[in-house]
Amino acid sequence: MEFLKSSTPFLSSLCLLLILSPHLLVETLAEGVTYEEARRLREEVRGMFYHAFDGYMEHAFPHDELRPLSCAGEDTIGSYALTLIDSLDTLALLGDYKRFSESVNWIGKNLHFEINKTVSVFETTIRILGGLLSAHLIASDYATGMRIPSYNNELLHLSEDLARRLLPAFDTPTGIPFGSVNLLHGVDEHESKITSTAGGGTLTLEFGVLSRLTNDSIFEQVTKNAVLGLWARRSKLNLVGAHINVFSGEWTQKDAGIGTSIDSFYEYLLKAYILFGDDEYIYIFQEAYGAAMYYLFNDPWYVEVNMDSAAIVWPLFNSLQAFWPGLQVLAGDLDPAIRTHSAFFSVWKRYGFTPEGFNLATLSVQHGQKSYPLRPELMESTYWLYKATRDPRYLYAGRDMVASLQYGAKCPCGYCHISDVESHKQDDHMESFFLAETVKYLWLLFDLAAGPDNLVEGGPYKYIFSTEGHLLPATPQISLVREHCSYLGSFCSATDQTRFASLVKSAGESNSSKVFRVRSSTSLYSSPHFNSAPVSELLKGRCPGLTYEQRYGLSFTAPGDVNSNQDTSRQSQNPKAETGAAVVHSNSQDTDNYSSAGAQALAES
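Every chain begins its residue count from 1, and numbering advances along the sequence as written. Totals for whole chains, interfaces and linings use all residues, but because this is a predicted model, local features are given only for residues with pLDDT of at least 70 and pairs of side-chain atoms are given and counted only at 80 or more. Hydrogens and waters are ignored; side-chain quantities use all the structure's heavy atoms.

## Some remarks on the UniProt feature "active site" (unreviewed entry) in the protein chain
Point 1. UniProt positions are given in the numbering used here, feature names are shortened, and annotations may be inferred rather than shown by experiment. As annotated in UniProt, the feature "active site" (unreviewed entry) corresponds to Glu123, Asp263, Glu356 and Glu377 in the numbering used here.
Point 2. Working definition: helices are DSSP H or I runs of at least four residues, strands are E runs of at least two. Numbering for both runs from the N terminus. Along the chain, Asp263 falls in helix H10 (residues 263-276).
Point 3. Three labels apply to residues, based on accessible area from a 1.4 Å probe with only protein chains included: buried if under 20% of the type maximum, exposed if over 50%, partly exposed otherwise in between. Residue class for Asp263 comes out buried when judged on its relative accessible area of 11%.
Point 4. By the element assignment, Glu356 lies in the loop between helix H13 (334-351) and strand E14 (357-359).
Point 5. The exposure class assigned to Glu356 is buried, which follows from its relative accessible area of 17%.

## What about the environment of His417?
Point 1. Mapping His417 onto the fold places it in strand E18 (residues 417-420).
Point 2. A relative accessible area of 9% places His417 in the buried class.
Point 3. For this analysis, residues touch if any pair of their heavy atoms sits within 4.5 Å. Non-local contacts of His417, meaning those with residues more than four positions away in its chain, are made with Tyr372, Pro373, Leu374, Lys425, Gln426, Asp427, His429, Met430 and Glu431.

## Some remarks on the environment of Ala135
Point 1. Note that Ala135 resides in helix H5 (residues 121-139).
Point 2. A C-alpha to C-alpha distance of 8.6 Å links Ala135 and Phe100, two positions 35 residues apart in sequence.
Point 3. In this structure Ala135 touches Leu88, Phe100 and Leu155, once residues within four positions along its chain are discounted.

## A look at the confidence of the model for the protein chain
Point 1. Note: pLDDT gives the predictor's confidence per residue, expressed from 0 to 100. Per-residue confidence for the protein chain gives a mean pLDDT of 81, with 74% of residues at or over 70.
Point 2. Confidence drops under a pLDDT of 50 for residues 1-28, and excluding neighbours within four residues, the segment shows 86 contacts in the predicted structure.
Point 3. Low pLDDT, under 50, characterises residues 484-550; the stretch is placed with 143 contacts to residues that sit more than four places away or in other chains.

## Observations concerning helix H9 (residues 218-231)
Working note: α-helix, 3.6 residues per turn, so residues spaced by three or four point in the same direction.
Point 1. Each helix should span, by expectation, one fewer than its residue count multiplied by 1.5 Å. Taking 1.5 Å of rise per residue, the 14 residues of H9 would be expected to cover 20 Å, and the 20 Å separating its terminal C-alpha atoms lies within 8% of that figure.
Point 2. Taken across its 14 residues, H9 has ten buried, putting it largely inside the fold.

## A few points about the sheet that holds E14
Point 1. By definition, two strands form a pair when at least two bridges between them are found by DSSP. Read from one edge to the other, the open sheet built from three strands follows the order E13-E14-E15, with strand pairing classed as antiparallel. Each edge of the open sheet is held by one strand with a lone partner, namely strand E13 (316-318) and strand E15 (364-365).
Point 2. Pairing of E13 with E14 involves three bridges; the strand directions are antiparallel. Residue pairing in the sheet places Leu316 in a bridge with Asn359 of E14.

## Focus: the packing of aromatic side chains
Point 1. When two rings of Phe, Tyr or Trp (its six-membered ring) have centres within 6.5 Å they constitute a pair, described as stacked for plane angles under 30 degrees, edge-to-face for angles over 60, and tilted for the intermediate range. Going through the model one piece at a time under the given rule, you end up with 31 aromatic pairs.
Point 2. The ring centre of Phe247 lies 5.1 Å from the NZ or CZ of Lys193, which sits over that ring.
Point 3. Positioned above the aromatic ring of Tyr281 is the side chain of Lys224, whose terminal nitrogen or guanidinium carbon lies 5.7 Å from the ring centre. Charges are assigned to positions over rings by a cutoff of 6 Å between ring centre and Lys NZ or Arg CZ, combined with an angular limit of 35 degrees from the ring normal.

## Describing the state of the cysteines
Point 1. Note on terminology: pairs of cysteine sulfur atoms within 2.5 Å are recorded as disulfides. Taken as a whole and assessed by the stated rule, the structure comprises two disulfides.
Point 2. Through a disulfide, Cys71 is tied to Cys413; the S-S separation comes to 1.7 Å. Its S-S torsion of about 85° marks the bond between Cys71 and Cys413 as right-handed, since a negative value means left-handed. On the criterion of sequence distance, the pair formed by Cys71 in the loop between strand E1 (65-67) and strand E2 (72-74) and Cys413 in the loop between strand E16 (410-411) and strand E17 (414-415) is long-range, its members being 342 residues apart.
Point 3. Overall, the relative accessible area of 24% leaves Cys71 in the partly exposed class.
Point 4. Cys413 sits in the buried class, given a relative accessible area of 6%.

## Things to note about the side chain of Ser134
Point 1. For Ser134, the position within the fold is in helix H5.
Point 2. Overall, the relative accessible area of 0% leaves Ser134 in the buried class.
Point 3. Identification of polar contacts relies on pairs of N or O atoms within 3.5 Å, with a donor-acceptor requirement for protein atoms, meaning one able to donate a hydrogen and the other able to accept it, and with residues adjacent in sequence counted only if both atoms are side-chain atoms. Within the local environment of Ser134, its side chain forms a polar contact with the backbone oxygen of Leu471, the two atoms lying 2.9 Å apart.
Point 4. Apart from the residues within four sequence positions on either side, Ser134 is in contact with Asp89, His470 and Leu471.

## Some details on the packing of helix H12 (residues 324-331) against H13
Point 1. One way to put it is that H12 packs onto H13 with a least axis distance of 9 Å and a crossing angle of 165°. When the axis of H12 is compared with that of H13, the two are roughly antiparallel. In this structure, H12 crosses over H13, and the sense of that crossing is left-handed. For the pair H12 and H13, the contacting residues are Pro325, Gln328 and Val329 in the first and Leu334, Pro336, Ala337, Thr340, His341 and Phe344 in the second. Axes here mean lines fitted to C-alpha atoms, for a helix over just the part in contact, with angles spanning 0 to 180 degrees between N-to-C directions. Note on terminology: angles under 35 degrees are roughly parallel, angles over 145 are roughly antiparallel, angles of 65 to 115 are roughly perpendicular, and the others are oblique. Each crossing is labelled by how the near helix is turned from the far one, with a counterclockwise turn of less than a right angle marking it left-handed and a clockwise turn marking it right-handed.

This is the structure:
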């Protein structure tokens, strides 16, 4: 029973992901952020995307990235039109069929990876492989509304070719990959044996999707082995360090944190479980997340500690930590997410941007970490928290972010890095993730407020965002590939839960008291009728079609409707009001200055 209680926030992440439909009922937005302004802001963000995208296409294409001050191009990752590939699913999300189809056709005809170029395994995977796979899944499916008639799986073939060129990096004694590989010759004999935890543990989504699309398990297998190789070398505190030797398995940097060099390791544990249904990922995530909250969380901030002793190494906020509240939304742990987001956003408000490092001891920008390279993590968490709570503070935050980017980072041909957040000096560089993530999450935020009508909120599938913001759909081919229904679209729930009960019991015994030792309560209300089983146990043979929730073993009571006009104080007094959906509410005591109207999100079941 203890395991079931502790695992509820994590298993309910599926609940949150699957039921937050585009039809959430909200009567009003924040004072001063009307529906009309939300629509205006959405269109302003659309304009931001096209200012940068058009600048790239006119002045930099087919180089990797744009130099937005000098209006020129530069090759940064691999000399293969990086920004165009990274932008493909954003074009689709914006409904720009013409440019999406033209871009897909150009890439299919002109791109190849038979080049003598040494590339980062991590960056190439999340930007190039993820971008190609996401665009392939959109362009090849009529249900997305973006099907390209002439498309013949060219991007999928490119993806497979690229991934096979990356495979030599995984040939190590630990299974943890080298950080870099040459696309033509494999791993150089002088290649460094040191890699980051994020670099080795943030490959499972892209490689896993590729395995399921090509029916070749090697891609999924090597990336899972890398995760297991990292986790096997965790400390007794269930913490992982920042850098590791891929041959010896020795940690070369033992600083444990949720930011630089580690961040997306946590992210992909949870998302791999949600997308693939592999129980091993959720068990590892529970242990890892529990340890992070116990040893790293100094409410509302996070610090870096020694992975063995938990002694504080750095009392530092770094900008990559800002993804964490968004991940906590998926994990169903809203209270700390709300408080942490408020703290992180206070840094943005102070400088107009978030510096790469902010010292919590001196409350000043960390020396040598003054830049803001257009990072998307704070926007990502803002979007997820607004989606979960409908609290108007997140619209205020998004509006401030747009204003900062427009007045501080906009330059002649795109948007510039900020080299110093105190002086707002601009730097002549624009990372591809600005188009893949930063403007994407801002656009989604305001589109959600204005009445969503896009591929993510109203499309045929529920999507997982990769760490680069690429759209990976939870289709039967990807999420339920291990099942054996006799025809596509037929789903049936396993009625025998004996094996699952045994699995939970044994897992709880083995994990003992280490599971989910979080010092703050969860904010996700789960129906007492919620039940979950491993995805691999859900389907048996030929059976009638079920709802998306039923396919994953989720069920909710629906005894009545909630009046969307009811008094918000009554809502807060009765957070478990019976509806046809799960209720997301806030127990935080730190929200007195904000309207409680956004504390509840109702989704149609």
